[in-house]
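The chain contents come next:
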Amino acid sequence: MKHSNPVMCPPLGLRLFGVWHRHMRVYTKNIFSNGLPPFLEPLLFLAGVGLGLGAYITQSMEGLSYLEFLGTGLLVTAAMFTASFECSYGTFIRLEFDKVYDGMLAAPLTVNDLIVGEILWAGTKGLFFSFAVLCILTVFGVIHMPYSLMAPLVGFLTGTMFAVLSLFITSFVRSINQLNFFFTGFISPMFFFSGVVFPTGNLPYYIQPLVEMVPLTHCVRLVRAVCANHYAMIHLWDLFYIVAFILIFGFFALKRLRRRMVN
Amino acid sequence: MANVADKIITVENVSKTFPKVVAVNNLSFEVEAQTCFGCLGPNGAGKSTMMKIIYGKCTRDEKPAGRMSIFGYDPKDHELEIKYLSGVVPQDNNLDDELNVIENLMIYSKFYNMPAGLARERIAYLLDFLELAEKINSRIAELSGGMKRRLVIARALLNNPRLLILDEPTTGLDPQVRHLIWDKLRLLKKEGTTILLTTHYMEEAFQICDTVMIMHNGQRIIEGPPRDLLAQHIEKYVLEVPDAGALQDKFNDRMPDSVRIERAQQGIRLFSNHYDCLKMLAGSMEIENYYLRQTNLEDVFLKATGRGLNETQ
């Protein structure tokens, strides 16, 4: 069988979908062990921290009960964690150990297709993890419909943002253990100092600029605005920050990873 | 539609420099349609790098740029077209361990934008062709090395490639599987596929290649049909004596001019076109102390690339 028209390569959209589809198939292959934890984790968190610790916290936080305050924060941290793991440890293993990309790059895909498809997949995972948290929060009556239904979209943005950041970091990593620094030194602290567990307003003034600089702060603020359907100018800044972050770090992640995949 | 004399691959004056080593050094070669072109050379000779440059996994040096044409496309600007028309079997079996056999192939069928029904048909045909049909639902971990290799070949054949690029397709496989793969490659060639492969096995090159190029330090040393290489670059026979001591006294006084001597650490090899001459030199030695045989491609290879190891091997 010969190709009468040689130039029949799949267009960009289908190439990206192909990469996304690969990740989706691998993820859903073990649907039970991969799909259940996103629901169990917020449950555990709400029970342990929310109910247990929350019983002692009677003060409202930014006008929300502690359970609601923490719960809405979890909508984006779940997305952050899954996308960060996927695009750091996951990417490094595919790149260096399993050599998955070597095989894929022999198919009609460019490095850009591969990385952008992967970022979109991480965003999708963010959306799904956010949705899982939303389900739990709704079942326990912590947040209210219908506005909260939009929250997974912020989960998508969060996933995408942490995907590009993690890819950028991974592009520097030579040994997989170096990624521990990224999680202990950056992701974990951010969980505590971005207004997820407590409001940042009362932190010392010299920490405030730092809080405003780190990415998660903007996701948390945005998702709470979405859940409350109460927007202000600052949320436009948050959205702008997220989009600009994705574009800038995405650009450099692509540039650096291309050099590692095509040499 | 390709004619037999068409050049599928043209490489002219291509170089590739890595920070510490020149992997490909001003290399030129051509591959005709429906032939099998074999690239031989010691580890580090630049074979794999050359393959990767062809399908865009490596970029060649910008200066001098040289010229490359694969189906008329330059990989620098048209990697997608080249990849779409080619199938690649990389050196490592990079299969998805989490997925089973058919899922591995279905994922790749998406990369070629094949409709699911057509993909299933094609996969069933290819698994049958490579004698993997009963493994269709097996996990990758359950496959033997030979099966994994055949599965990677099946994956490379998904889109009916006109050019099949194989980087050491049979390294580490048992003789049965090697012969099976050779048979399949011959069949594919008959059906019109052009094959480009690298190998360390002289036997493999002799069995399936129409043209062989021996590379060393990124350069072409010799090139030609395997039989011509034998005829032009090496004597017909070799007398191998693993322990040179046994022969020492004999050729001190009278070594015929027609005999070429190659000394190794322990042993010695005497090459000549005259069987009787070598037979005579073997003389009264015990039969287990020497081996008198026809020369093969491995002898040409070792003559061309030297017997010592370099730092990249």
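Values in this document were obtained by computation on a predicted structure and should not be read as measured data. (Residues numbered from 1 in each chain as written. Chains lettered and ligands numbered in written order. Predicted model: local features only at pLDDT ≥ 70, side-chain atom pairs only at ≥ 80, totals over all residues.)

1. Topic: helix 11 (residues 297–305) of chain B
Residue and element names in this part refer to chain B.
- Considered for burial, the residues of helix 11 that qualify are L297, D299, V300, F301 and K303.
- Taken together, the buried residues of helix 11 touch strand 3 (36–40), helix 7 (202–208), strand 8 (211–216), helix 8 (226–233) and strand 10 (237–241).
- Of the residues flanking the end of helix 11, it is G306, one or two places downstream, whose phi is positive at about 85°. (Buried ≥ 20, exposed ≤ 12 C-beta atoms within 10 Å, placed from the backbone. Helix = DSSP H or I, 4+ residues; strand = E, 2+ residues; numbered from the N terminus. Contact = placed C-beta atoms within 7 Å.)

2. Comments concerning the packing of helix 6 (residues 111–139) of chain A against helix 7 (residues 151–170) of chain A
Residue and element names in this part refer to chain A.
- Helix 7 packs onto helix 6 with a crossing angle of 140° between their chain directions and a minimal axis gap of 7 Å. The angle between helix 6 and helix 7 falls in the class oblique. Read as a crossing pair, helix 6 and helix 7 show a hand that is right-handed. Between helix 6 and helix 7, the residues in contact are I115, I119, A122, G123, K125, G126, L127, F129, S130, F131 and L134 and A151, P152, V154, G155, F156, T158, G159, T160, A163, V164 and L167, respectively.
- Grouping the constituent residues of the contact of helix 6 with helix 7 by class yields 14 nonpolar, seven polar and one charged. (Axes fitted to C-alpha atoms, helices over the stretch in contact; angles between N-to-C directions. Parallel < 35°, antiparallel > 145°, perpendicular 65-115°, else oblique. Left-handed = near helix turned anticlockwise from the far one by under 90°. Nonpolar A, V, L, I, M, F, W, Y, C, P; charged D, E, K, R; others polar.)

3. What to know about unusual backbone geometry
- Of note, the bond from M145(A) into P146(A) is cis; its omega dihedral lies within 30 degrees of zero at 0°.
- Looking at the secondary structure, you find P146(A) in the loop between helix 6 and helix 7.
- One non-glycine residue, Q34(B), lies in the positive phi region at around 60°.
- In this fold, Q34(B) is placed in the loop between strand 2 (22–32) and strand 3.
- Residue Q34(B) is classed as buried on the basis of its 21 C-beta neighbours within 10 Å.
- A positive phi angle is found at N217(B), which is not glycine, with a value near 50°.
- Among the secondary structure elements, N217(B) is positioned in the loop between strand 8 and strand 9 (219–224).

4. Focus on the domain arrangement of chain B
- Segmenting chain B into domains produces domain 1 (7–225) and domain 2 (235–294).
- Computed from C-alpha coordinates alone, the two centres of domain 1 of chain B and domain 2 of chain B are separated by 40 Å. (Domains from an automatic or database assignment.)

5. Concerning the sheet that holds strand 6 (residues 163–167) of chain B
Residue and element names in this part refer to chain B.
- Across the sheet, which stays open at both edges, the six strands sit in the order 5-6-7-3-8-9 with mixed pairing between neighbours. Every other strand in the sheet has two partners, leaving strand 5 (86–89) and strand 9 as the edge strands with one partner each. Sheet twist, expressed as the average angle between the axes of neighbouring strands with direction ignored, equals 15°.
- Note that strand 6 and strand 7 (residues 194–199) share five bridges and pair parallel. (Pairing = 2+ DSSP bridges.)

6. Notes on the sheet that holds strand 10 of chain B
Residues and elements named next belong to chain B.
- Here four strands make up an open sheet; going across it, the order is 11-12-10-13 and the pairing antiparallel. Every other strand in the sheet has two partners, leaving strand 11 (260–263) and strand 13 (291–294) as the edge strands with one partner each. Ignoring strand direction, the axes of neighbouring strands in this sheet form an average angle of 20°.
- Where strand 10 lies against strand 13, four bridges are found, and the strand directions are antiparallel. Within the sheet, the bridge partner assigned to V238 lies in strand 13 and is R293.

7. Points about the interface of chain B and chain A
- With 28 residues of chain B in contact, the opposing surface of chain A contributes 28 residues.
- Mapped onto the side of chain B that touches chain A, the elements with two or more residues apiece are helix 2 (79–85) and helix 3 (101–111) of chain B.
- Among the elements that line the side of chain B that touches chain A, the one with the most residues is helix 2 of chain B, at six residues.

8. Re the nonpolar core
- V164(A), V223(A) and I165(B) are the most contacted members of the largest nonpolar core, which has 150 residues in total.
- Considering every element that reaches this core, the biggest residue donor is helix 6 of chain A, with 14 residues.
- Domain assignment of the residues forming this core places at least three in each of domain 1 (7–225) and domain 2 (235–294) of chain B.
- When sequence neighbours within four positions are dropped, the list of residues in contact with I165(B) reads M51(B), I54(B), Y55(B), S86(B), V88(B), V89(B) and L196(B). (Core = buried A, V, L, I, M, F, W, Y, C linked by C-beta atoms within 7 Å.)

9. Here's the deal with helix 6 (residues 175–190) of chain B
Residue and element names in this part refer to chain B.
- Here helix 6 contains 16 residues, and its C-alpha end-to-end distance of 23 Å stays within 8% of the 22 Å for a straight helix at 1.5 Å per residue.
- Every buried residue of helix 6 is listed here: R178, I181, L185 and L188. Each buried residue of helix 6 sits inside an arc of 85° when the element is viewed along its axis, so together they form one side. Among the exposed residues of helix 6, those oriented more than 90 degrees off its buried face are P175, Q176, D183, L187 and K190.
- Packed against the buried residues of helix 6 are strand 3, strand 6, strand 7 and helix 7. (Expected span 1.5 Å × (residues − 1). Arc of directions from axis to C-beta.)

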